[in-house]
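Here's the letter readout for the chains.
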2 protein chains.
Amino acid sequence: MKLSEMNKDELTSFKNSVQDEYDAFKSLGLKLNMARGKPSSEQLDLSMPMLDVLSSTSELNDLDGVDVRNYGGLEGIPEARKLMGDILGVKSSEILVYGNASLKAMYDTIARSYCFGVLGSTPWCKLDKVKFLCPVPGYDRHFAITEQFGIEMINIPMTQDGPDMDMVETFVNNDESVKGIWCVPQYSNPSGISYSDETVKRFANLSPKAEDFRIFWDNAYCIHHLVDEPKCILNIMDECKNNGKEDMVYIFGSTSKVTFSGAGISAIGCSEKNLKEITDKLTKATIGYDKVNQLRHCKFFGDIDGVKQHMKKHAEILKPKFDCVISWLDKEIAPLGIGSWIEPQGGYFVSFDSQSGCAKRIVQLCKDAGVVLTGAGATYPYGKDPQDSNIRIAPSYPPVEELEKAMELFCICVKLATAEKLLAE
Amino acid sequence: MKLSEMNKDELTSFKNSVQDEYDAFKSLGLKLNMARGKPSSEQLDLSMPMLDVLSSTSELNDLDGVDVRNYGGLEGIPEARKLMGDILGVKSSEILVYGNASLKAMYDTIARSYCFGVLGSTPWCKLDKVKFLCPVPGYDRHFAITEQFGIEMINIPMTQDGPDMDMVETFVNNDESVKGIWCVPQYSNPSGISYSDETVKRFANLSPKAEDFRIFWDNAYCIHHLVDEPKCILNIMDECKNNGKEDMVYIFGSTSKVTFSGAGISAIGCSEKNLKEITDKLTKATIGYDKVNQLRHCKFFGDIDGVKQHMKKHAEILKPKFDCVISWLDKEIAPLGIGSWIEPQGGYFVSFDSQSGCAKRIVQLCKDAGVVLTGAGATYPYGKDPQDSNIRIAPSYPPVEELEKAMELFCICVKLATAEKLLAE
């Protein structure tokens, strides 16, 4: 029976029964963390052989014969540019291999635009108003960057096909202060939605009012499939090139969830014109990123096929965890009609939408019983979910046994918070 | 006989004879590069065993038991904070372990101040004028950073004891637009001068007009001695603390010239108040730097004594190269009285001062004969050496045999350029 169909007595009795379950759980003294999309130890173990591919007896030259131990090579070693290009869908010459975190690459890109503008435009710090479009729910760390730089963030609702493109086009094509949009196009963080072909085509055909508008295409999960025959999104660079608009997009990615989260390599993919501007500025900031680690990655994987094989092993570990989350939701929440979600085909999250006004309460109830979730509201700019309904579930880190417990509790908290709310109305 | 004592005929004959030597050299078709302070392959080989300390069978936990392969640990793992703190002379709690390059740490520090100010001050991008003091000759990459941000650079002459502190005090204590000074206090780049105790004490006792003035203390060569009983500079942090001015200094360093130039670890050392501001901002930019590489370094060295032992091996390789440079200058240039230099006790460079107006010509002559030096002027802000006299010699990279040839040529070029100039007067 759906909660919405219950009368007050039924609801009260339902709530009391769930409250008992909750109290029992609380007394267990759980201590679990599902706040962040962290790989599990088992996943990290997959890359341990990478530590053996370079040793004291190795030749440490790159494909061009350059000693990777020494200074130089700002754009990255050739084989790493090739590998990251193959992952992100651009040419080697369109790749800058960055440090250990694509987040820093994105941050530095915003910082550079803020300080110096984009291909000759006015530096954003000299403008009265700079705006970014933020598909919601979205990635809290994206929003934190734009917030730090005082950039006004505008919520763009996500549909099943990606961001609401009518809204995106209206803003981008008419408002000169709109300088960018945050996108996680494949297996969006957190919704798991992959952008439809039409969405990608519409992105690639934007006609920005601002010459320095850029699409920040964080393709963090482009190879992070959970299913055998994944539907991959269209190649944004190819689509942009078809329209002569290849300068409009920056593509980001990393091996943070491929090898080691703290010790991977990342990359920016962009037109050679954009790349030249980035390296012209960056050459004053560093002589180059860690080429030994680039070589280590390339020797470990060989090529893109090696990466794909490796990602299948991740999927084998992750799939049962996602199945656990979905099966609890299907079993406990679906019949009551008090929440919605999508079963993701890849990525790191399940996005759960409760009834309006319940998310904070659910997260708090979970926390009080020992399970830490991503804070309610975190998936929205400024931490403000106008509906107070979205919760990001990150199932990758805990072992399945713990996840079972955590999801059991989560469902109890959803029921309890929803019943409380309905009774208070 | 000194060139200044020669009459015109003697000078002409001298010049013709040197010209013959130069032409003979040119026909050899040399191809040597002494432009940058790059470690030699032999030096890099010293650290190859570092590649064996972590393997697929290693435990990859830090001292706190945290898995270094995963996300987190923005400040760095405890043992790396201790090690870098011991190197830079500050407490672990005053260390942020950065990425593979201290240059990027310095760049990001300027960028952060430019975008957001320093401990609540007005962001530098909102000010009409920001100035930096630049002891000259100095490090070209420092100057390139401040130039990129449009910061006006003011030359401060170097004395045998460090920068001219009367001038530094006058500017810092009276001009609110002076926001920083670039320092390489031990074995200055390029002069090799180490700051005297009095100089350090005067730095630590500055009373800046600008609350957001900071000393950028790039202690790049603090452990890079060439002699057995080195004279180390005073500890700037201790001195600042004695005066209650510990927020006034940022200290930078790295293992770029200790382990691998492209794959070392770097650090910022600063007061806990400054560190909190840095991490508060940086936490939006990255989840943390490469902790696997931090652990690799710590396991390889053990502790600061391990680092010191390792540096002695570097000195054994470098000392003969510096001796080569100095002996050529002593033999060929000193008797002619046409140049001056200091025999450095550490660091990476020999700074050569020709007669005024000769440096560009010397560098060009060397280049035409196949030996690339750091560009004349590079050791000054905006690449402008007002005397056109300073040349940075970087002897670390070529083998001694090549260096002998290069220095022979260099001395010929100094003679030729000086004779040309004297004859034209």
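Check the entry above for the structure.
Structural notes, computed from the coordinates.

What counts and what doesn't
Residues numbered from 1 in each chain as written. Chains lettered and ligands numbered in written order. Predicted model: local features only at pLDDT ≥ 70, side-chain atom pairs only at ≥ 80, totals over all residues. Heavy atoms only, no water. Helix = DSSP H or I, 4+ residues; strand = E, 2+ residues; numbered from the N terminus. Rg over C-alpha atoms; globule rule 2.2 N^0.38 Å. Contact = heavy atoms within 4.5 Å. Lys, Arg positive; Asp, Glu negative; His and termini not counted. Charge placed at Lys NZ, Arg CZ, Asp CG, Glu CD. Axes fitted to C-alpha atoms, helices over the stretch in contact; angles between N-to-C directions. Parallel < 35°, antiparallel > 145°, perpendicular 65-115°, else oblique. Left-handed = near helix turned anticlockwise from the far one by under 90°. Nonpolar A, V, L, I, M, F, W, Y, C, P; charged D, E, K, R; others polar. Least-squares fit on C-alpha atoms with pLDDT ≥ 70 in both. Core = buried A, V, L, I, M, F, W, Y, C linked by side-chain atoms within 4.5 Å. Buried < 20%, exposed > 50% of the residue type's maximum accessible area, 1.4 Å probe, protein only. Pairing = 2+ DSSP bridges. Buried area = accessible area lost by both parts, 1.4 Å probe. Salt bridge = Lys/Arg side-chain N within 4 Å of Asp/Glu carboxyl O. Polar contact = N/O pair within 3.5 Å; in protein donor to acceptor, adjacent residues only side chain to side chain. Arc of directions from axis to C-beta. Expected span 1.5 Å × (residues − 1). Phe/Tyr/Trp six-rings, centres within 6.5 Å; stacked < 30°, edge-to-face > 60°. Lys NZ or Arg CZ within 6 Å of the ring centre and 35° of its normal.

With that settled, consider the overall build of chain A. Helix and strand counts for chain A come out as 13 helices and 13 strands. Taken over C-alpha atoms, the radius of gyration comes to 23 Å for chain A, in line with the 22 Å a tight globule of 425 residues would show. When contacts within chain A are restricted to residue pairs at least 6 apart in sequence, those whose partners lie at least 24 apart make up 75%. Taking the 47 positively charged and 60 negatively charged side chains of chain A as two groups, their mean positions are separated by 5 Å.

All names here are of chain A. The interhelical angle for the contact between helix α11 (residues 304-333) and helix α13 (residues 400-424), taken along N-to-C directions, is 30 degrees, at an axis separation of 10 Å. With respect to α13, the axis of α11 lies roughly parallel. As α11 runs across α13, the sense of the crossing is right-handed. Residue-level inspection shows Pro320, Lys321, Cys324, Val325, Trp328, Leu329, Glu332 and Ile333 of α11 in contact with α13, the latter providing Val400, Leu403, Glu404, Met407, Glu408, Phe410, Cys411, Val414 and Lys415. Within the contact of α11 with α13, the residues separate by chemical class into 12 nonpolar, no polar and five charged.

Moving on: the relation of the copies chain B and chain A. A rotation about an axis combined with a shift along that same axis relates the two copies of the chain. When chain B is fitted to chain A, the best match, at an RMSD of 0.0 Å, comes from turning it 180 degrees and sliding it 0.0 Å along the axis. Classification of the inter-copy transformation places it as that of a two-fold axis. When the interface residues of chain B are mapped onto chain A, 100% of them again lie at the interface, so the same face is used by both copies.

What follows deals with the nonpolar core. Nonpolar side chains in soluble globular proteins tend to be buried together. If you look at the biggest cluster of nonpolar residues, it comprises 74 residues, and the most contacted ones within it are A:Ile110, A:Phe149, A:Trp182, B:Ile110, B:Phe149 and B:Trp182. Aside from chain neighbours lying at most four places away, what touches A:Trp182 is A:Met106, A:Ile110, A:Phe132, A:Leu133, A:Cys134, A:Pro135, A:His142, A:Phe143, A:Ile145, A:Thr146 and A:Phe216.

Moving on, we come to the sheet that holds strand β13 (residues 390-393) of chain B. Residues and elements named next belong to chain B. Read across the sheet, three strands follow the order β10-β11-β13 without closing on themselves; strand pairing throughout is antiparallel. The open sheet has two free edges, formed respectively by β10 (339-341) and β13, since each of these has just one partner strand. When the angles between neighbouring strand axes are averaged without regard to direction, this sheet yields 25 degrees. Of the pairings in the sheet, the one linking strand β11 (residues 350-354) to β13 comprises four bridges and is antiparallel in character. Residue valine 350 lies in a different strand from β13, and its bridge partner there is isoleucine 393. Against the sheet, helix α11 (residues 304-333) contacts β10, β11 and β13, and its axis sits at roughly 20 degrees relative to β11. Helix-sheet contacts for helix α12 (residues 359-368) involve β11 and β13, and the interaxial angle to β13 is about 40 degrees.

Looking now at the interface of chain B and chain A. Counting from both sides, the interface comprises 58 residues of chain B and, opposite them, 58 residues of chain A. Summing the contributions of chain B and of chain A, the shared interface buries around 4800 Å²; its carbon and sulfur component is 55%. The tally of links from chain B across to chain A stands at four salt bridges. On the surface where chain B and chain A come into contact, there are 24 residue pairs in polar contact (both at pLDDT 80 or more). Only α2 (41-45), α4 (102-116), α5 (140-148), α9 (272-282) and α10 (291-301) of chain B provide two or more residues apiece to the side of chain B that touches chain A.

Right, let's talk about the side chain of B:Thr109 for a bit. Residues and elements named next belong to chain B. Mapped onto the elements, threonine 109 comes out in helix α4. The class for threonine 109 is buried, based on a relative accessible area of 0%. Within polar-contact distance, the side chain of threonine 109 engages the backbone oxygen of alanine 105 at 2.6 Å. Setting aside anything within four residues of it in sequence, one finds threonine 109 in contact with Phe216, Tyr250, Phe252 and Ile268.

Residues and elements named next belong to chain A. Looking at helix α6 (residues 165-174), one finds that the buried residues are Met165, Val168 and Val172. Down the axis of α6, the buried set is contained in an arc of 55 degrees. They therefore lie on one face. Every exposed residue of α6 that faces more than 90 degrees away from the buried side is listed here: Asp166 and Asn174. The inward-facing, buried residues of α6 abut β3 (131-136), β4 (152-159), β5 (162-163), β6 (178-183) and α7 (197-204). One side-chain oxygen of the residue at the start of α6 lies 3.1 Å from the amide nitrogen of aspartate 166, identifying that residue as aspartate 164.

Residue and element names in this part refer to chain B. Structurally, serine 194 is set in the loop between β6 (178-183) and α7 (197-204). Taking relative accessible area as the criterion, serine 194 reaches 22% and is therefore assigned partly exposed. When sequence neighbours within four positions are dropped, the list of residues in contact with serine 194 reads Gln160, Asp161, Pro185, Gln186, Tyr187 and Ile233. Among the polar contacts listed, one links the side chain of serine 194 to the backbone nitrogen of tyrosine 187, at a separation of 3.1 Å.

What follows concerns unusual backbone geometry. All names here are of chain A. Geometrically, the link from valine 136 to proline 137 is a cis peptide bond, its omega value of -5 degrees lying close to zero. Topologically, proline 137 is positioned in the loop between β3 and α5 (140-148). The linkage connecting asparagine 189 with the following residue, proline 190, adopts the cis geometry, with an omega of 5 degrees. For tyrosine 382, which is not a glycine, the phi torsion comes out positive at approximately 60 degrees. What makes tyrosine 382 partly exposed here is its relative accessible area of 38%.

For B:Glu94, the position within the fold is in the loop between α3 (78-88) and β2 (95-97). Leave out the neighbours within four places in its chain, and B:Glu94 touches B:Met237, B:Lys241, B:Ile268, B:Gly269, B:Cys270, B:Glu272 and B:Leu275.

In this model α4(B) runs 21 Å from its N-terminal to its C-terminal C-alpha over 15 residues, within 8% of the 21 Å that 1.5 Å per residue would give. B:Gly117 occupies a position one or two residues after α4(B) and carries a positive phi of about 80 degrees.

This brings us to the packing of aromatic side chains. Residue and element names in this part refer to chain A. Throughout the structure, instances matching the rule amount to 38 aromatic pairs over all chains. Ring centres of phenylalanine 352 and phenylalanine 410 lie 5.2 Å apart, and the angle between their planes is 85 degrees; this geometry places the pair in the edge-to-face category. Here the residue phenylalanine 352 occupies a position in strand β11 (residues 350-354), and phenylalanine 410 occupies one in helix α13, the gap between them amounting to 58 residues. With respect to burial, phenylalanine 352 and phenylalanine 410 carry one shared label: buried. Stacked on the ring of tyrosine 348, the Lys or Arg lysine 257 has its end atom at 5.2 Å from the ring centre. Stacked on the ring of tryptophan 328, the Lys or Arg lysine 331 has its end atom at 4.0 Å from the ring centre.

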